Amino acid sequence: MAIKILIAPNSFKGSANASAAYRAFLEGVYYFSNICSKKVETRKILVCDGGTGFSEIVGVRYSNSKKIEANFLDPLMRPIATYYYKAGDVVVIESAKTIGHALLLKNELNPMHTSSYGLGQCIRHAIDNGAKRILIGCGDSATSDCGIGMLSALGVTFFDKKGDKLERPLGGDIAKIVNFDFSSSKYYGCDVCIEVACNLTSIASGPSSTALVYSRQKGASAEQAEQLYEGYESFTSLVGERVGEPDLGLFPGSGAAGGIGFAIAAFFKNRSLRYSFDVVFDAIGIDPLLEWADIVITGEGLFDRNSVKGKAPVAVALRAKLYDTVTIGIVGAIQSNIISRVLRSGFDILEPFSAENISLENYCKDFSDIARDATVRALLKAIPLMERGK
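One structure accompanies this document, and this report is about it. Residue numbers run consecutively from 1 along every chain, following the written order of its sequence. This being a predicted model, a pLDDT of at least 70 is required before a residue's local features are given, and a value of 80 or more before pairs of side-chain atoms are given or counted; all residues contribute to the totals for chains, interfaces and linings. Hydrogens and water molecules were not included; the side-chain quantities draw on all heavy atoms of the structure.

## Some details on helix H14 (residues 367-387)
Okay, step 1: In this model, H14 (21 residues) spans 30 Å end to end at C-alpha, consistent with the 30 Å of a helix rising 1.5 Å per residue.
Okay, step 2: Helix geometry: H14 is bent most strongly at lysine 381, by close to 30°, with proline proline 384 lying one to four residues after it.
Okay, step 3: In this scheme, a residue with accessible area under 20% of its type's maximum is buried, one over 50% is exposed, and one in between is partly exposed, where area comes from a 1.4 Å probe on protein chains only. Secondary structure counts use DSSP, requiring at least four H or I residues in a row for a helix and at least two E residues in a row for a strand, with both numbered from the N terminus. Turning to H14, its buried residues are Phe367, Ile370, Ala371, Arg372, Ala374, Thr375, Val376, Ala378, Leu379, Ala382, Ile383 and Leu385. To estimate how far a helix should reach, multiply one less than its number of residues by 1.5 Å. We define the bend at each residue as the angle formed by axes fitted to the 7 residues ending at it and the 7 residues starting at it.

## Structural notes on the side chain of threonine 327
Okay, step 1: With respect to the helices and strands, threonine 327 occurs in strand E12 (residues 326-334).
Okay, step 2: Within polar-contact distance, the side chain of threonine 327 engages the backbone nitrogen of aspartate 348 at 2.9 Å.
Okay, step 3: Working rule for contacts: check all heavy atoms of both residues, and any pair within 4.5 Å makes them a contact. The contacts of threonine 327, once residues within four sequence positions are left out, are Val296, Ala317, Ala320, Lys321, Gly346, Phe347, Asp348 and Ile349. Within 3.5 Å is the distance limit for a polar contact, defined as a pair of N or O atoms, with the added protein rule that one can donate a hydrogen and the other accept it, and that residues adjacent in sequence qualify only through two side-chain atoms.

## Some words on the packing of helix H7 (residues 222-242) against helix H8 (residues 256-267)
Okay, step 1: The axes are straight lines fitted to the C-alpha atoms, using for helices just the contacting stretch, and the angles between their N-to-C directions are given from 0 to 180°. Taken N-terminus to C-terminus, the directions of H7 and H8 make an angle of 15°; their axes are 11 Å apart at the nearest point. If you check the angle between H7 and H8, you find them roughly parallel. Note that H7 runs across H8; the crossing there is left-handed. Each of Tyr232, Phe235, Thr236, Val239 and Gly240 in H7 lies in contact with H8, whose residues at this interface are Gly258, Gly259, Phe262 and Ala266.
Okay, step 2: As a working rule, the residues Ala, Val, Leu, Ile, Met, Phe, Trp, Tyr, Cys and Pro are called nonpolar, Asp, Glu, Lys and Arg charged, and the rest polar, with Gly in that last group. For the contact of H7 with H8, the per-class residue count stands at 5 nonpolar, 4 polar and no charged. Oblique is the label for every angle not falling under 35 degrees (roughly parallel), over 145 degrees (roughly antiparallel), or within 65 to 115 degrees (roughly perpendicular). With the far helix as reference, a near helix turned anticlockwise by less than a right angle produces a left-handed crossing, and one turned clockwise produces a right-handed crossing.

## Comments concerning the sheet that holds strand E3 (residues 66-73)
Okay, step 1: Only strands joined by at least two bridges in the DSSP assignment are considered to pair. Spatially, 6 strands are ordered E3-E4-E5-E6-E9-E10 in an open sheet, and the strand pairing comes out mixed. Only two strands of the sheet have a single neighbouring strand rather than two, namely E3 and strand E10 (271-275). If you compare each strand with its neighbour and ignore which way they point, the axes differ by 25° on average.
Okay, step 2: One ladder, built from 5 bridges, connects strand E5 (residues 90-94) with strand E6 (residues 133-137); its direction is parallel. Each bridged residue has a counterpart across the sheet, and for valine 91 the counterpart in E6 is isoleucine 134.
Okay, step 3: Relative to the sheet, H8 contacts E6, strand E9 (193-198) and E10, its axis offset from that of E10 by approximately 145°.
Okay, step 4: Running over the sheet, helix H9 (residues 276-284) touches E6, E9 and E10 and is turned about 85° from E10.

## Looking at the state of the cysteines
Okay, step 1: Working definition: a disulfide is two cysteine sulfur atoms within 2.5 Å of each other. In total, this model carries 0 disulfides according to the counting rule given.
Okay, step 2: Cysteine 138 supplies the cysteine sulfur nearest to cysteine 122, a cysteine that is in no disulfide, at a spacing of 11 Å.
Okay, step 3: Considering cysteine sulfurs only, cysteine 138 is the nearest to cysteine 146, which forms no disulfide, with 12 Å between them.
Okay, step 4: In this structure cysteine 146 comes out as buried when scored by relative accessible area, which is 0%.

## So, the sheet that holds strand E11 (residues 295-303)
Okay, step 1: A sheet is described by the order of its strands in space; here 5 strands give the open sequence E2-E1-E11-E12-E13, paired in parallel fashion. The sheet is open, and its two edges are formed by strand E2 (40-44) and strand E13 (349-352), each paired on a single side. Averaged over all pairs of adjacent strands, the angle between their axes in this sheet comes to 25°, without regard to strand direction.
Okay, step 2: With 4 bridges joining them, E12 and E13 adopt parallel strand pairing. Across the sheet, glycine 329 pairs through a bridge with leucine 350, a residue of E13.
Okay, step 3: Of the strands in this sheet, E11 and E12 touch helix H11 (residues 312-320), which is tilted by about 150° from E11.

## Regarding the nonpolar core
Okay, step 1: The biggest cluster of nonpolar side chains holds 61 residues, and the ones touching the most others in it are Ile5, Phe281, Ile295, Ile297 and Ile328.
Okay, step 2: The contact partners of isoleucine 297, leaving out residues within four places of it in the chain, are Ile5, Leu6, Ile7, Ala8, Pro9, Phe25, Val29, Ile328, Ile330, Thr375 and Leu379. Grouping buried Ala, Val, Leu, Ile, Met, Phe, Trp, Tyr and Cys residues that are joined through side-chain atoms within 4.5 Å yields what is termed a nonpolar core.

## A short note on the environment of threonine 210
Okay, step 1: Note on placement: threonine 210 falls in helix H6 (residues 210-213).
Okay, step 2: In sequence terms threonine 210 and glutamate 223 are 13 residues apart; their C-alpha atoms lie 15 Å from each other.
Okay, step 3: Excluding anything up to four places from it in sequence, threonine 210 contacts Ser202, Ile203, Ala204, Ser215, Tyr232, Gly255, Gly258 and Gly259.

## Regarding the environment of phenylalanine 347
Okay, step 1: Here phenylalanine 347 is to be found in the loop between helix H12 (339-344) and E13.
Okay, step 2: Of the residues examined, phenylalanine 347 reaches a relative accessible area of 12% and is grouped as buried.
Okay, step 3: It is 15 Å that separates the C-alpha atoms of phenylalanine 347 and alanine 333, two residues lying 14 residues apart in sequence.

## A few points about H8
Okay, step 1: Of all 12 residues making up H8, 12 are buried, and the element is well covered by its neighbours.
Okay, step 2: All buried positions along H8 are accounted for by Ala256, Ala257, Gly258, Gly259, Ile260, Gly261, Phe262, Ala263, Ile264, Ala265, Ala266 and Phe267.

Note that all results are geometric; they support no functional claim without further evidence.
Structure representation (structure tokens):
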């Protein structure tokens, strides 16, 4: 009887996208099959969180979906040609297409000078073209402006203490805002349903604010992170009180994509912030495949302290446990001193690329070979577990 293997890769940031990871894992499966004389049957499904890959993985799952191309602005307010998917009156938007980290060079990253304006343009374009339901994948953003850029593109006006209007505000302008007017936007109060696929552990305000937790990864200095945090505290309090939800900044997912979750929750009346994998897994239909499989293979570049906080591979592994499927995680490296997180991850086998200290440059150059070999090693370990009925 053939061993049924589901390959469900995520992207390996900096070295391979999900499709390239799939090809390497598949090569490893066939290599294992040949050397061990084991028959295998494979199936493929690509996974993601709300970040990179969301539109391709989720958008194309809707029948008759079409790619809608348009020109918006990137995080530095430069013109960019991008797209979203539309199927009837349903639209799928990947925020990273307009405000993503990957759109900027390393020396351009600075959340004080970036804006989510382009995402607002994209939402506006979708609504103007008949969208009644919009799924927005939030992740991998270069912005931390608490959504003021997005809201500005939707027609919301913001004012400083002098009463002057802030035109196209940036992240560094959050703390300047002392007043705003949602009613200046024709989209305020519209009946469009907005569903945000995001990390629900990310919040906008309080000691665990996204401004403190993630802005450093987006290029902020320690001092700038504090400035952003102070702006977040002031802005979320101001908006929360005005819309009748004073604790909105603590709402699960409000910190997603640098506060985009908060802005959407405050502005749109018919909105929901959902765990990204509930949205993705429902769209791609992963459950029947996990039930079918004897073994599932997934992976990511680095397994670290944040891997159990909303990363795709762990979500796949934990979901697979519902079906008693043996789970393999192929990873570039494992952070030290995180054994408790490894045990909570749902993986039966967590296989790093190599015990050697291999540079990112070599990972990129030799990715397919290294990932293939790691897959073979992991499968050799997985077979006894499968045969014992784990």
